[in-house]
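Examining the three-dimensional arrangement
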Amino acid sequence: QENQIKTPFPVRSLSWNNLSSHFAYTEDNHVFIRDAESFSLLKVINEKNVSALLFSSEGNLKNDVLLTLTDKGDFCVWDFYSQEEISEPQTSIQNKTNLDITCASFSNNSDYIALADTNNSINLFFKLRYTHQTIKKTIQAHSEEIFGLTFSSNNKYLISSSIENKAKIWSLKDNNLLAEIPFYSDLKVPCIFSSNSNVVFVLRFDAPAPTGSKIIG
């Protein structure tokens, strides 16, 4: 059986929770959370201009939270299991710069949020789980635009992809640069980690398809 949902505006981002029991999507003015089986509407969040969202577990698979990021780089954590209407986020981070965001990424465990800006820098936020505060670090990463940010599945590394035909791997422990990888960036295909976090897949100048290079471990 095929279910369809009609939206007044194009869907900008979609995410499923860990148990595949709910999914969330966003268009220009709202975030909608629906039951995965019946597609019935469960919650609505009045958050505008959300460019990315992701479900994440805060220590318990039954207690998923929803992470949202706006075009301006404002980040929020929402508890959608509350019986009350969602009006205020658990955690809120305002990106206090006048720079535009070129791309963003969340780590799988929701501890880290990475934002790349038009200054070719990476703004890395570490979220403190119990105080709902964050620690921010800025990495002067590239000389040209960053179009891709990807965390490793073990939440230890971040790779940034730039139009300067170069990707860089960063340690989340101390923000140090671990490796630089040349790759073909004209198509703007971001580099990604393998599932075991030991291999990085890149689009090389001399290869017709993405190739893997063992960089870590």
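What counts, and where the lines are drawn
- Residues numbered from 1 in each chain as written.
- Predicted model: local features only at pLDDT ≥ 70, side-chain atom pairs only at ≥ 80, totals over all residues.
- Heavy atoms only, no water.
- Pairing = 2+ DSSP bridges.
- Helix = DSSP H or I, 4+ residues; strand = E, 2+ residues; numbered from the N terminus.
- Axes fitted to C-alpha atoms, helices over the stretch in contact; angles between N-to-C directions.
- pLDDT = per-residue confidence, 0-100.
- Phe/Tyr/Trp six-rings, centres within 6.5 Å; stacked < 30°, edge-to-face > 60°.
- Salt bridge = Lys/Arg side-chain N within 4 Å of Asp/Glu carboxyl O.
- Buried < 20%, exposed > 50% of the residue type's maximum accessible area, 1.4 Å probe, protein only.

**Topic: the sheet that holds strand E9 (residues 101-106)**
Sheets are built from strands paired through backbone hydrogen bonds, the pairs being either parallel or antiparallel. If you walk across this open sheet you meet the four strands as E9-E10-E11-E12, and the pairing is antiparallel. This sheet does not close on itself; its edge strands, each paired only once, are E9 and strand E12 (134-140). The mean angle between the axes of side-by-side strands here comes to 15 degrees, regardless of whether they run parallel or antiparallel. Here strand E10 (residues 112-117) runs beside strand E11 (residues 121-127); their pairing, made up of five bridges, is antiparallel. Counterpart to Tyr112 in the pairing with E11 is Phe126.

**Section: the confidence of the model for the chain**
Per-residue confidence for the chain gives a mean pLDDT of 80; residues scoring 70 or more make up 78%. Element-level pLDDT for the chain is lowest in strand E19 (residues 211-214), with a mean of 50, against a maximum mean of 94 in strand E14 (residues 157-162).

**Examining the packing of aromatic side chains**
In total, this model carries eight aromatic pairs according to the counting rule given. Three or more aromatic residues joined by ring pairs make a cluster, and in this case those are Trp16, Phe23, Tyr25, Phe32 and Phe39.

**What to know about the sheet that holds strand E13 (residues 146-151)**
An order of E13-E14-E15-E16 is seen for the four strands of this open sheet, with the pairing classed as antiparallel. Across the chains shown, the open sheet's two edge strands, defined by having one partner strand only, are E13 and strand E16 (177-182). Between one strand and the next, the sheet's axes are offset by a mean angle of 20 degrees, whatever the strand orientation. Sheet topology places E14 next to strand E15 (residues 166-171); six bridges connect them, and they run antiparallel. Counted as the bridge partner of Ser161 is Ala167 from E15.

**A few points about the pattern of salt bridges**
On inspection of all chains with the given rule, the structure shows three salt bridges. A salt bridge links Lys188 to Glu145, with the nearest nitrogen and oxygen atoms 3.4 Å apart. Note that Lys188 is positioned in the loop between E16 and strand E17 (192-193) and Glu145 in the loop between E12 and E13, a separation of 43 residues in sequence. Overall, Lys188 belongs to the partly exposed group, its relative accessible area being 40%. On the basis of relative accessible area, Glu145 is assigned to the partly exposed category, the value being 30%. Between Lys166 and Glu180 there is a salt bridge whose closest N-O contact spans 3.6 Å.

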